[in-house]
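Coordinate analysis (summary)
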Amino acid sequence: MAHHDHHEEGHMGHIQSKKVYHGVILALVVLTAVTVAAAQLDLGALGNDLLAVAIATVKASLVITFFMHGKYEDKVTWAFIWYPIILLATLLAALFIDYGNRDWDLFKYRAASVTEQHHGDGHGTTPGQVEPTAQGTETHGEEADHGAPAHKGDGAHGEEAGQGDETKQDDGQPADGDDHGQNDGGHE
Amino acid sequence: MFDHSKAPDGTFFNFHKEPPVRAYEFFKLGMWIFLATEVLFFGGLFAAYFIFKYTWPEVFAKGSAELDVVYGGINTIVLLGSSYTMALAVDAAQRKQKKPLFWFLVATFGGACLFLVIKYIEWKGKIEHGFLPGTDLFFGVYFMTTGLHLIHVLIGMYFIGLLIVRAKKGRYTDEGSSHAGVEVGGLYWHLVDIIWIFLFPLLYLLGGNH
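All of these numbers come straight from a predicted model, not from anything done at the bench. Counting starts from 1 at the beginning of each chain's written sequence and moves along it residue by residue. As a convention, the first chain written is A and the first ligand written is 1, with the rest following in written order. Two thresholds apply to this predicted model, a pLDDT of at least 70 for residue-level local features and 80 or more for giving and counting side-chain atom pairs, whereas whole-chain, interface and lining totals are computed over all residues.

1. Examining the overall build of chain B
We count a stretch as a helix when DSSP gives it H or I for four or more residues in a row; a strand needs E for two or more, and each element gets its number in order from the N terminus. A tally of helices and strands in chain B yields 6 helices and 0 strands. Ordered by position in the sequence, the α and β elements of chain B form the string α-α-α-α-α-α. A burial count over chain B gives 41% of its 210 residues as buried. Considering only intrachain contacts with a sequence separation of at least 6, the fraction spanning at least 24 residues in chain B is 78%. Any residue whose C-beta has 12 or fewer other C-beta atoms within 10 Å is treated as exposed, any with 20 or more as buried, and any in between as partly exposed, C-beta atoms being built from the backbone. Residues are treated as contacting if the C-beta atoms built from their backbones sit within 7 Å of each other.

2. Here's the deal with the overall build of chain A
Helix and strand counts for chain A stand at 7 helices and 0 strands. Counting from the amino terminus, helix and strand elements in chain A follow one another as α-α-α-α-α-α-α. The 188 residues of chain A split such that 26% are buried.

3. As for the nonpolar core
One finds B:A89, B:L101, B:L105 and B:I195 to be the most contacted residues of the largest nonpolar core, which totals 70 residues. Mapped by element, the contributors of at least two residues to this core are helix 1 (18–38) and helix 2 (44–67) of chain A together with helix 1 (20–55), helix 2 (57–66), helix 3 (69–94), helix 4 (98–128), helix 5 (137–168) and helix 6 (180–205) of chain B. When residues of this core are assigned to their parent elements, the largest contribution, 19 residues, is made by helix 6 of chain B. Non-local contacts of B:A89, meaning those with residues more than four positions away in its chain, are made with B:L101, B:F104, B:L105, B:T108, B:V182 and B:G186. The nonpolar core is taken to be a set of buried Ala, Val, Leu, Ile, Met, Phe, Trp, Tyr and Cys residues joined by way of C-beta atoms within 7 Å.

4. Structural notes on unusual backbone geometry
Positioned with a positive phi, A:H69 is a non-glycine residue whose angle comes to about 60 degrees. Within the secondary structure, A:H69 is located in the loop between helix 2 and helix 3 (75–100). Here the phi dihedral of B:K96 falls at roughly 60 degrees; this positive angle occurs in a residue that is not glycine. As for its placement among the helices and strands, B:K96 is situated in the loop between helix 3 and helix 4.

5. Considerations on helix 5 of chain B
Residues and elements named next belong to chain B. In this model helix 5 runs 46 Å from its N-terminal to its C-terminal C-alpha over 32 residues, within 8% of the 46 Å that 1.5 Å per residue would give. Listed as buried for helix 5 are F138, F139, V141, Y142, T145, T146, H149, V153, G156, I160, L163 and A167. Lining the buried residues of helix 5 we find helix 1, helix 2, helix 4 and helix 6. Positive backbone phi, approximately 85 degrees, marks G170, located one or two places after helix 5. To estimate how far a helix should extend, the number of its residues minus one is multiplied by 1.5 Å.

6. Observations concerning the UniProt feature "transmembrane region" (unreviewed entry) in chain A
All names here are of chain A. Under the local residue numbering, the UniProt record ascribes the feature "transmembrane region" (unreviewed entry) to residues 20–38, 50–68 and 80–100. Between the end C-alpha atoms of residues 20–38 the distance is 26 Å, and the span holds 100% helix and 0% strand. As annotated, residues 50–68 has a helix share of 95% and a strand share of 0%, and its two end C-alpha atoms lie 25 Å apart. UniProt positions are given in the numbering used here, feature names are shortened, and annotations may be inferred rather than shown by experiment.

7. Quick word on the UniProt feature "transmembrane region" (unreviewed entry) in chain B
When the UniProt feature table is mapped onto this chain, "transmembrane region" (unreviewed entry) is found at residues 32–52, 72–90, 102–121, 141–165 and 186–207 of chain B. Structurally, residues 141–165 of chain B comprises 100% helix and 0% strand, and the distance from its first C-alpha atom to its last is 36 Å.

8. A short note on the interface of chain B and chain A
On the side of chain A, 38 residues touch chain B, which itself brings 41 residues to the contact. Contributions of two or more residues to the side of chain B that touches chain A are made by helix 1, helix 3 and helix 6 of chain B. In terms of residues, the side of chain B that touches chain A owes the most to one element, helix 1 of chain B, which gives 13 residues.

9. Side note on the packing of helix 3 of chain B against helix 4 of chain B
Residue and element names in this part refer to chain B. Axis separation between helix 3 and helix 4 bottoms out at 8 Å; the angle between their running directions is 165 degrees. Taken together, the axis directions place helix 3 and helix 4 in an arrangement best described as roughly antiparallel. Seen from above, helix 3 lies across helix 4 with left-handed handedness. Residue type decides the class: Asp, Glu, Lys and Arg count as charged, Ala, Val, Leu, Ile, Met, Phe, Trp, Tyr, Cys and Pro as nonpolar, and the leftover types, Gly among them, as polar. Across the contact of helix 3 with helix 4, the residue classes tally to 18 nonpolar, 6 polar and 2 charged. Axis lines are fitted through C-alpha atoms, for helices just across the contact stretch, and the angle between N-to-C directions can take any value from 0 to 180 degrees. Geometric relationships in this document are graded by angle, where less than 35 degrees denotes roughly parallel, more than 145 denotes roughly antiparallel, 65 to 115 denotes roughly perpendicular, and other angles denote oblique. For a crossing to be left-handed, the near helix must be turned anticlockwise from the far one by less than a right angle; the clockwise case is right-handed.

The structure is reproduced here in structure tokens:
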């Protein structure tokens, strides 16, 4: 099919055959049914998600290309179609890589830390001290978790481990932390 | 109020004085740029959805099981249908057909109303059963995403209502007139549809598998 240049003087937009709209809505309804059917398959959590997002992306592409006349738009418009998609894909990819590669479960960590009783420093016992943010605790927690056995006498890690421990002592183990605080807290 | 007709020549603000075809291109590009920001606006919520779901799968499985796929499915079809009539309305405007333009816009508005009614029934049921935005993370995400989408539906309805009134007066189909308004309103309405295309499977279908 050959198309006229839509920038032609006096022409606003490109008139496409009405059959295109009928075909697209039919495809969209069929793909909605396909989405519902595909969700019944057991492909694992990630597999089902990817399949559903893939079908939705096909549907969205149909809407953009034919309903929104993206097919007849110029390069500038397509730049503004692609840029949020690329940014969003980057955001999601970065978050998945980040969350997929760390022991992020704050609650699991907290529960474990109370029972395991890591060593702490003197600061932790001060009542009313501002708690580190959830993000901070999370990060320090990971380090403390992995490096816990090596912490005794390890000056480099001492401070970070100590910070992580502040939260733990707030959880109810102040006395024990006090004992070890002078030695292991990293305050030479 | 800024008076566009008094804007100096050669600036962005005097596009009303541009030849209609160029003004039409300006309007459309402006809406595409706005839609790009809308995608990012919702993108944050989609990111939250995925992170929360993979962090607390059991909460999402439980919450998603409470949602009625039938309501969600019907609403998907209703919204797709209204997107279809909107596309046909833009087509009618391009062909300068006054009557079809008017009726396709009315049909689109009707679809939006039907969507609201179904959403109302659905939300009412959820709230009566004690599922509120603060119930758990799933319902937090559910009410935030569908609620934000609902606000967009309402804004779209205002837009379409305005188009109906103006189409009736022949503003888009009269000799020498520009139908840029219909085109731009259509772009916005299609985005509302696209967002629902993604929300439906994620909220209604995919929680229960985990």
